[in-house]
Amino acid sequence: MRWLLLKDLQLLRRSPLQAVLLVAYPILIALLIGFAISREPGKPRVAFLNEIPSGARIAAGDGKLPAVGVDKRICSQVECVDVADRAAAEAKVRDGDVLAALILPADLIDRLNSLGTLNPETPEVEVIVNEENPLKAQAVDDRITALLSQANLFIARQIAAEGGRYLNLIVDGGNFDVLGQPVEILGLRASASILKALRPAVPEGQRAELDRVIRFATLARDNLDVAEPLIDRLAQPIAVDKQSISAPTPPLEIFAIAAAAALTLTFVTLLLVAGSLALEREENTFARLTGGLVSRGALLTEKIGLGIAVGLAVTLLMLAGLQLFVDLEWSRFGLWLAAILLAAAGFACAGAALGAGARDVRAVSLLAFMISLPIALLSLVPSGAVGAGLYDAIRVLTALFPFKPALEALTAALDPAGPGIGGPLLHLAILALAYAALARLALRRFATT
Amino acid sequence: MAGSATAALEAHKLVKRYGAHEALRGVNFAARPGELVAVIGPNGAGKTTLLSILAGTLRPDAGRVESPNGDVGWVPQQAALYRRLTVEENLLLFARLEKLGDPRGSVEEMLRLTGLEERRGDLVSRLSGGNQQRVNIAIGLLGRPAVLLLDEPSVGLDPRQRARLWEFIAGLAGGGTSVVFTTHDIQEAERYGRRLLVLADGEGLFDGSAEQLRATVREEAPEAAGGDFETAFISYLQHRGH
């Protein structure tokens, strides 16, 4: 069997395309994933044109809030590229230099201020986008919605804070500037105290009226004390308290690495074993080999062994490459090995079943792609993303192929968070045995056709 | 049928079915050491099925095969070679798989025997059809089998390559190797086969020399006896209802 294994490795070495597939592919995947997960999601570049006159202020009761905070707030969320005018903004969007252009029109503050009048106008900001494809359109919409929500929240909080300051002034008293002149505000607390102090001096018949004023001042003070946090809550009335009913999940970068490893194993191992077995038929060597030189079982074992060995080497190569970008827990190497070996065994046996059922390498390669790619994509569909019936069907379908348990096993091997590794490993072992049995059956047909 | 006392290869009442179709119907066959036996017959007669069963790559549904003098070498119709390995690598691989005592020595011997020494480092995919067939045969001969089975060995070869091939095969038979080959070329069967086994619809119709077949034709289809061997053979088949 070792001579057959050496022969297959020799054949691999002789094929530049396969060499590229087996060596360059994992390196490429490692680099892509590495770059993607080792960098902060970059701030989108947005062309920014602020037409608001300097010194404009947002009205808050009798006072005014400076408007300069709004643009600062926006530019903390995106990378603002200042542009001189509307034409420049449009040009930047058209050329793809920026994701979108945001224009704060000159009348924005006036319109904001009109909200507190009898003739309210809707404040609008102008957004210029180039929705060249649906994905970009969706991404731009999501970004703009998030951006405006944050800007609205910021403004609401500013107004709430200013409102709260005025309430404090009414309750506790203090100084307030009107047209540059300080005005003293007595406040409800001091008013009630003064009235209480004056009460004995007031004639008996008029005390009932005075008591009503004192009671009002006390009640107003007490109730306005709690109004300030209430106003603050109005800015963001609903808060989120997220509680997960599942086990803690591993970080996104670990999931991305596991998905890349599972995908690499899928293509490398599945295609290699299926193609290698089909090649014996294409080269007419299957009958010669099994005509007394090796048993069919030994040939099958050799092919599966080849797939596992190459799959292991390629996946470890990929993980080693990713180590440049992410700190992997090498102390869990034993678990990595178990996950990779069983995942590779699952894919290798599935590849053997495919290879035993196809007549030539091209046909089996096409078949392997047609089966594995959709199943790999379906395996990534989360629950709740599709209807319950469809999700159940996807679960059954993906459970019949090694990708999903391989992904789960690799994720569990790479990171202790999340579900355990035992279940996926058992699942992979069962699939490997089932596919090996199927391949053995298919080989009988292989020999007689 | 040839006498079985000294047979290098014997088959008894071989039956093979593919579903409802009976590819072989109780075929008997024997080959003596050094004998060159041609298996001929129309398409679908069961020639390749018979050779595959004799080679052990296909199991019969009934009957048995015996090769008392040792291994049977098999050379399939289409070259069973790894095209991305060199001539030498192919030979060495199969020599090792046959667990020969001195695989490299056997490879050298086969390279000499087949005249492929100078092409040993060439990828098989770069060889001509004739040279590929020589490598194919060399692999069948690696274990120095007592019997060599060749399934249409001259298909795709030009006349010169064909002549060299038959010279080589005749040399093997001269050395004591029993050679059994199938062919569609009746003239080739007449020229190189010391014995002919005629199969039609899975039945063994005739087993004897080319002269004996001509004598049978003279007896059964005298109108065709004066023509060439191929015409006589066709008349014989027609007379037998095939």
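Residues numbered from 1 in each chain as written. Chains lettered and ligands numbered in written order. Predicted model: local features only at pLDDT ≥ 70, side-chain atom pairs only at ≥ 80, totals over all residues.

> How would you sum up the overall build of chain B? Please name residues and give values.
On a plain count of helices and strands, chain B comes out with 8 helices and 9 strands. Taken against the 2.2 N^0.38 rule, which gives 18 Å for 242 residues, the C-alpha radius of gyration of chain B at 18 Å falls within 12% of a compact globule. Along the longest, intermediate and shortest principal axes, the C-alpha atoms of chain B span 55 × 40 × 35 Å. Residues classed as buried in chain B amount to 45% of the 242 residues present. For chain B, restricting intrachain contacts to residue pairs at least 6 apart in sequence, the fraction spanning at least 24 positions comes to 67%. (Helix = DSSP H or I, 4+ residues; strand = E, 2+ residues; numbered from the N terminus. Rg over C-alpha atoms; globule rule 2.2 N^0.38 Å. Buried ≥ 20, exposed ≤ 12 C-beta atoms within 10 Å, placed from the backbone. Contact = placed C-beta atoms within 7 Å.)

> So what's going on with the overall build of chain A? Residues and values would help.
If you tally the helices and strands in chain A, you get 16 helices and 8 strands. Residue burial in chain A is summarised as follows: out of 449 residues, 32% are buried. Taking all contacts inside chain A whose residues are at least 6 apart in sequence as the whole, residues at least 24 apart take part in 76%.

> Can you tell me about the interface of chain B and chain A, naming the residues and giving the values?
The interface is formed by 18 residues belonging to chain B together with 16 residues belonging to chain A. A class-by-class count of the residues in the side of chain B that touches chain A yields 10 nonpolar, 3 polar and 5 charged. (Nonpolar A, V, L, I, M, F, W, Y, C, P; charged D, E, K, R; others polar.)

> Break down the environment of Phe347 of chain A for me, with residues and values.
Residue and element names in this part refer to chain A. Mapped onto the fold, Phe347 is located in helix α12 (residues 333-357). Among the residues examined, Phe347 registers 35 C-beta atoms within 10 Å and is labelled buried. For the pair Phe347 and Ser372, spaced 25 residues apart in sequence, the C-alpha to C-alpha distance is 9.8 Å. When near neighbours in sequence (up to four residues on either side) are disregarded, Phe347 contacts Leu265, Thr266, Thr269, Leu270, Gly307, Gly311 and Pro402.

> Let's hear about the pairing of strand β3 (residues 36-40) of chain B: which residues, and what values?
Residue and element names in this part refer to chain B. In terms of burial, β3 is a largely internal element, 5 of the 5 residues being buried. Where β3 and strand β7 (residues 178-182) come together, 4 bridges link them in parallel fashion. Note on β7: the bridge partner recorded for Leu36 is Val179. Two strands pair when backbone bridges link them, and β3 and strand β8 (residues 195-200) are joined in this way by 4 bridges, in the parallel orientation. Bridging across to β8, Val39 finds its partner in Leu197. (Pairing = 2+ DSSP bridges.)

> Can you explain the pairing of strand β2 (residues 21-31) of chain B? Please cite residues and give values.
Where strand β1 (residues 9-18) of chain B and β2 of chain B come together, 8 bridges link them in antiparallel fashion. Pairing of Lys16 of chain B across the sheet is with Leu24 of chain B, part of β2 of chain B.

> I'd like a description of the sheet that holds strand β6 (residues 147-151) of chain B, backed by residues and values.
Residue and element names in this part refer to chain B. If you trace the 6 strands from one edge of the open sheet to the other, you get β5-β6-β7-β3-β8-β9, paired in mixed fashion. Edge positions in the open sheet fall to β5 (72-75) and β9 (203-208), since each of these has one partner strand only. Sheet twist, expressed as the mean angle between neighbouring strand axes with direction ignored, is 15°. Sheet strands in contact with helix α1 (residues 47-55) are β3, β5, β6, β7 and β8, and its direction is about 150° off that of β6. Contacts from helix α4 (residues 129-141) reach β5 and β6 within the one sheet, and its direction differs from that of β5 by about 165°. (Axes fitted to C-alpha atoms, helices over the stretch in contact; angles between N-to-C directions.)

> Residues and numbers for helix α3 (residues 103-114) of chain B, please.
Residues and elements named next belong to chain B. With 12 residues, α3 extends 16 Å from end C-alpha to end C-alpha; this agrees with the ideal 16 Å at 1.5 Å per step. Elements that come into contact with the buried residues of α3 comprise α2 (87-97) and α4. Where α3 terminates, the next one or two residues include Gly115, which has phi positive at roughly 65°. (Expected span 1.5 Å × (residues − 1).)

> Summarise the packing of helix α7 (residues 210-220) of chain B against helix α8 (residues 229-239) of chain B; cite the residues concerned and give the values.
Residues and elements named next belong to chain B. For the pair α7 and α8, the least separation of the axes is 10 Å and the interaxial angle reads 55°. As judged from the angle between their axes, α7 and α8 are oblique. Like other packed secondary-structure pairs, α7 and α8 cross with a definite hand, here left-handed. On the side of α7, the interface is formed by Ala210, Arg214, Thr216, Val217 and Glu220, while α8 contributes Phe229, Ala232, Ser235, Tyr236 and His239. In terms of residue class, the contact of α7 with α8 is made up of 5 nonpolar, 3 polar and 2 charged. (Parallel < 35°, antiparallel > 145°, perpendicular 65-115°, else oblique. Left-handed = near helix turned anticlockwise from the far one by under 90°.)

> Run through the nonpolar core, naming residues and quoting values.
Formed by 71 residues in total, the largest nonpolar core has its most connected members in Val39, Leu50, Leu54, Leu91, Leu149 and Val180 of chain B. Per-element tally for this core: the top contributor is α2 of chain B, with 7 residues. Ignoring sequence-local partners within four residues, the contact set of Val39 of chain B consists of Lys47, Leu50, Leu51, Val180, Phe181, Thr182, Leu197 and Leu199 of chain B. Judged by nonpolar contacts, the second largest core, of 70 residues, contains Ile33, Phe286, Ala339 and Ala436 of chain A. (Core = buried A, V, L, I, M, F, W, Y, C linked by C-beta atoms within 7 Å.)

> So what about unusual backbone geometry? Which residues, and what values?
Most of the time, phi is negative for any residue but glycine, and the peptide bond is trans. All names here are of chain B. The residue Lys99 is not glycine, and still its phi comes out positive at about 55°. Phi at Asp201 takes a positive value of approximately 50°, unusual for a residue other than glycine. On the secondary structure map, Asp201 appears in the loop between β8 and β9.

> How would you explain the packing of α2 of chain B against α4 of chain B if you had to name every residue and give the values?
Residue and element names in this part refer to chain B. Their axes nearest at 9 Å, the elements α2 and α4 cross at an angle of 20°. One way to sum up the angle between α2 and α4 is to call them roughly parallel. Classified by chirality, the crossing of α4 by α2 is right-handed. Residues Val87, Asn90, Leu91 and Phe94 of α2 form the contact with α4, whose own contacting residues are Val135, Ala138 and Ile139. Of the residues contributing to the contact of α2 with α4, the split by class is 6 nonpolar, 1 polar and no charged.

> So, the environment of Val140 of chain A: which residues are in play, and what are the values?
Residues and elements named next belong to chain A. Mapped onto the elements of the fold, Val140 is located in helix α6 (residues 134-172). C-alpha separation for the pair Val140 and Asn130, spaced 10 residues apart in sequence, amounts to 9.0 Å. Not counting the four nearest positions on each side in its chain, Val140 is found in contact with Leu99, Ala100, Val129 and Glu131.

> Would you mind going over the sheet that holds β1 of chain B in detail, with residue names and values included?
Residue and element names in this part refer to chain B. Within the open sheet, the 3 strands sit side by side as β2-β1-β4. Their pairing is antiparallel. In this open sheet, the two strands that pair with only one neighbour each are β2 and β4 (62-66). Each strand of the sheet is rotated relative to its neighbour by a mean of 20°, with strand direction disregarded. Sheet analysis places β1 next to β4, joined by 4 bridges and oriented antiparallel. Among the inter-strand pairings, Ala11 is bridged to a residue of β4, identified as Val65. Where α1 meets the sheet, its contacts fall on β1, β2 and β4, and the angle it forms with β1 comes to roughly 120°.

> Quick rundown of the confidence of the model for chain B? Include the residues and the values.
Residues and elements named next belong to chain B. Looking at chain B, pLDDT values average 86 and 97% of them are 70 or higher. When the elements of chain B are averaged for pLDDT, α8 gives the smallest value, 82, and α2 the largest, 94. Overall fold confidence (pTM) sits at 0.71, and the ipTM for the predicted complex is 0.76. (pLDDT = per-residue confidence, 0-100.)

> Can you explain α1 of chain B? Please cite residues and give values.
In terms of burial, α1 of chain B is a largely internal element, 8 of the 9 residues being buried. Of all the residues in α1 of chain B, the buried ones are Lys47, Thr49, Leu50, Leu51, Ser52, Ile53, Leu54 and Ala55 of chain B.

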